[in-house]
Amino acid sequence: MSRTRKRRMMNQINVVPYIDVTLVLLVIFMVTAPMTNPGMVELPKVGQALKQSGDPIVITVQKEGTVMMEGKEMQRDDMLALIRQRLSETQKPVVVSADKNTPYGEVVSVMDLLKQAQVNQVGLLFQNEK
């Protein structure tokens, strides 16, 4: 009598080859990652050309939302008229200064007014920490 056993179908996936391939790829990436050259950026040097020839027009936004120009409190429309008059005489940059507790929306609204008045050179004034 011959005893032949029927082979049963295996209903499980053999994941060992997948684990082996994954570990080989992981080792390859770990070895080659330090060899890649990270992007080096050479920043431009600041020269004498970037220095301002004169003092800028300073606009201060206080935390209550009031706007001051060169130490005088004024309405925003009056400020725009005065800036247009000054810019027609000389091309000075305009700098916006604000208290650190001033809502960001107030500063943005002043900068938007300056943009609508077609002031091209607008910057933010800040104080370096010592």
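Because the structure is a prediction, the values reported are computed rather than measured.

## Description of a nonpolar patch on the surface
- A grouping of I13, V15, Y18, I19, L23, L26 and M30 is seen on the molecular surface, where their side chains present a nonpolar patch of about 750 Å² in accessible area.
- Residue placement: L26 occurs in helix α1 (residues 16–32).
- Note on L26: relative accessible area 44%, which makes it partly exposed.

## Let's talk about the environment of D55
- Position of D55 among the secondary structure elements: in the loop between α1 and β1 (57–61).
- Spatially, the C-alpha atoms of D55 and V94 are 9.3 Å apart, while their sequence positions differ by 39 residues.

## Remarks on the pattern of salt bridges
- Following the criterion strictly, the structure yields 1 salt bridge and no others.
- A salt bridge links R76 to E106, with the shortest nitrogen-to-oxygen separation between them at 2.7 Å. On the criterion of sequence distance, the pair formed by R76 in helix α2 (residues 76–89) and E106 in helix α3 (residues 104–116) is long-range, its members being 30 residues apart.
- We classify E106 as partly exposed; its relative accessible area is 27%.

## Topic: the pairing of strand β4 (residues 94–98)
- Within β4, 4 of the 5 residues are buried, which leaves it mostly tucked inside the rest of the structure.
- Note: β1 against β4, 5 bridges, orientation parallel. Bridge pairing in β4 places V61 opposite A98.
- Two strands pair when backbone bridges link them, and β4 and strand β5 (residues 122–124) are joined in this way by 3 bridges, in the parallel orientation. Across the sheet, residue V95 finds its bridge partner in β5, namely G123.

## Examining the confidence of the model for the protein
- On average, the protein scores 79 in pLDDT, and the residues at 70 or more come to 78%.
- Across the protein, the secondary-structure element scoring lowest on mean pLDDT is β5, at 82, and the one scoring highest is α1, at 94.

## Thoughts on the sheet that holds strand β2 (residues 67–69)
- The strand order across the open sheet built from 5 strands is β3-β2-β1-β4-β5, with neighbouring strands paired in mixed fashion. Bordering the open sheet on either side are β3 (72–74) and β5, each of which pairs with just one other strand. Direction aside, neighbouring strands of the sheet carry axes that sit 30° apart on average.
- Here α2 sits on the sheet and contacts β1, β2, β3 and β4; the angle it forms with β2, its principal contact strand, is near 25°.

## Side note on the pairing of β1
- Here β1 shows one buried face, formed by I57, I59 and V61, and one open face, formed by V58 and T60.
- Of the pairings in the sheet, the one linking β1 to β2 comprises 3 bridges and is antiparallel in character. Note on β2: the bridge partner recorded for T60 is M68.

## Focus on α2
- Across its 14 residues, α2 extends 20 Å between first and last C-alpha, which sits within 8% of the 20 Å expected from 1.5 Å per residue.
- Lining the buried residues of α2 we find β1, β2, β3, β4 and α3.

Criteria and cut-off values
- In this convention, every chain numbers its residues from 1, walking through the sequence in written order.
- With pLDDT at 70 or above as the cut-off, local features in this predicted model cover only qualifying residues; side-chain atom pairs require 80 or more to be listed or tallied, and sums for whole chains, interfaces and linings still use all residues.
- Processing note: side-chain calculations cover all non-hydrogen atoms of the structure and skip hydrogens and water entirely.
- Only residues whose relative accessible area exceeds 30% and that form no salt bridge enter a patch; like-charged residues are grouped when within 9 Å of one another, and nonpolar side chains (Val, Leu, Ile, Met, Phe, Trp, Tyr) when within 5 Å.
- Calculation of accessible area relied on Shrake-Rupley with a 1.4 Å probe; when residues are assessed, cover is drawn exclusively from the protein chains displayed.
- Salt bridges are defined by distance alone: a side-chain nitrogen of Lys or Arg within 4 Å of a carboxyl oxygen of Asp or Glu.
- Note on conventions: DSSP H or I runs of at least 4 residues are helices, E runs of at least 2 residues are strands, and numbering of each starts at the N terminus.
- Buried means the residue's accessible area, taken with a 1.4 Å probe over protein chains only, is under 20% of the maximum for its type, while exposed means over 50%, and partly exposed covers the values in between.
- Strand pairing is defined by DSSP finding a minimum of two bridges between the two strands.
- What pLDDT reports is the predictor's confidence in each residue, on a scale of 0 through 100.
- Fitting a line to C-alpha atoms yields each axis, with helices limited to the stretch in contact; the angle taken between N-to-C directions then spans 0 to 180 degrees.
- Residues count as neighbours in contact if any of their non-hydrogen atoms are within 4.5 Å of one another.
- A helix's residues, less one, multiplied by 1.5 Å, set its expected span.

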